[in-house]
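Take a look at the letters that make up each chain.
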Amino acid sequence: MDKSLKAPVVIVVIMAVVLIASFILPTLRGSKVTAPDFSLPVLDGGEVNLAGLKGQVVVLNFWATWCPYCVAEMEELDAAAARLAPRGVKVLAVNIMQRETEDSIRRFLGEKRHNYMVLLDAGSRVAGSYGVGGIPTTFIIDRQGQIRRVKQGPLAPGELDNLVKDLL
């Protein structure tokens, strides 16, 4: 394949997958769609493995510092993580690491302590396995490891509570 056509073809394929997933996944409320397992480093050190979180509801939010919609939802994501943690909900903010480094993410987040864990998806490998084509995109994974909801775009105040309420 001609190198000049390779990137546009890949982009079109990714967009098609995301479009199909955006119509299919949210309607699968009773269906069994297993979340792809992953292990990712945590910005503050250590590693998180999705399989190790079975038994908890997991909110997987894909974001980047340069995305204005991601930045707009960060405060709500943090507040929701604090509200929902006592009810067995684990919020993971997965930075797709495009145009970013660990240091730039640290500077962006500042010294403030957050109620969610920031994971580093170098090369957007995990984002790719979930079919993420645009950010922010949030996946809700139930206690058995099944994807139950997909939200594309920023979370509105209180929206995350509504997305997980029947899974608690």
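Refer to the preceding data block for the structure.
*Asks:* When you look at the sheet that holds strand β5 (residues 117–120) in this model, what are you seeing that I'm missing?
*Replies:* Whether parallel or antiparallel, the strands of a sheet pair through hydrogen bonds between backbone atoms. The mixed open sheet is built from five strands, whose spatial order is β5-β4-β3-β6-β7. Sheet topology places β5 and β7 (147–152) at the edges, where each strand pairs with a single neighbour. For this sheet, the mean inter-axis angle between neighbouring strands, taken without regard to orientation, is 20°. Two elements, strand β3 (residues 57–63) and strand β4 (residues 89–95), share seven bridges in a ladder whose sense is parallel. Looking at β4, one finds that L60 is bridged to L92.

*Asks:* So what exactly am I meant to see when it comes to the packing of aromatic side chains here?
*Replies:* Note on aromatic pairs: each is described by the distance of the centres and the angle between the planes. What the rule picks out here adds up to five aromatic pairs. Aromatic pair F38 and Y130: ring centres 6.4 Å apart, planes at 70°, arrangement edge-to-face. Of this pair, F38 sits in the loop between α1 (3–24) and β1 (39–41) while Y130 sits in the loop between α4 (125–129) and β6 (137–141), placing them 92 residues apart in sequence. Residue classification places Y130 among the buried positions, given a relative accessible area of 6%.

*Asks:* Help me understand the pairing of β4, please; the structure alone is not making it clear to me.
*Replies:* By the criterion of burial, β4 is predominantly enclosed, with six of the seven residues buried. In terms of handedness, the path from β3 via helix α2 (residues 68–84) over to β4 forms a crossover that is right-handed. Here four bridges tie β4 to β5, and the two strands are oriented parallel to one another. Its bridge partner lying in β5, L92 is registered against M117. Since β4 and β5 lie parallel, the crossover through helix α3 (residues 102–109) that links them has a hand, and here it is right-handed.

*Asks:* Is there a simple way to think about the nonpolar core in this case?
*Replies:* Core analysis: the largest hydrophobic core is formed by 50 residues, its most contacted members being F38, L60, F62, Y116, Y130 and L160. Not counting the four nearest positions on each side in its chain, L60 is found in contact with F38, L92, V94, Y130, T137, T138, F139 and I141.

*Asks:* How should the pattern of salt bridges be read in this particular structure?
*Replies:* Any two side chains of opposite charge can pair, on the condition that their charged atoms come close. Per the stated rule, a full pass over the model turns up seven salt bridges. Put simply, R106 and E102 hold a salt bridge, and the shortest N to O gap is 3.6 Å. Of this pair, R106 and E102 both sit in helix α3, four residues apart, which is roughly one turn of the helix. On the accessibility criterion, R106 (35% relative accessible area) is partly exposed. The partly exposed category is assigned to E102, whose relative accessible area is 38%. Across the salt bridge formed by K151 and E159, the nearest N and O atoms sit 3.7 Å from each other. The buried category is assigned to K151, whose relative accessible area is 19%. Among the residues examined, E159 registers a relative accessible area of 21% and is labelled partly exposed. What you see here is one network of salt bridges that share partners, running through E76, R83 and D161.

About the criteria used
- Residues numbered from 1 in each chain as written.
- Predicted model: local features only at pLDDT ≥ 70, side-chain atom pairs only at ≥ 80, totals over all residues.
- Heavy atoms only, no water.
- Pairing = 2+ DSSP bridges.
- Helix = DSSP H or I, 4+ residues; strand = E, 2+ residues; numbered from the N terminus.
- Axes fitted to C-alpha atoms, helices over the stretch in contact; angles between N-to-C directions.
- Phe/Tyr/Trp six-rings, centres within 6.5 Å; stacked < 30°, edge-to-face > 60°.
- Buried < 20%, exposed > 50% of the residue type's maximum accessible area, 1.4 Å probe, protein only.
- Right-handed = clockwise from strand over helix to strand, strands pointing away.
- Core = buried A, V, L, I, M, F, W, Y, C linked by side-chain atoms within 4.5 Å.
- Contact = heavy atoms within 4.5 Å.
- Salt bridge = Lys/Arg side-chain N within 4 Å of Asp/Glu carboxyl O.

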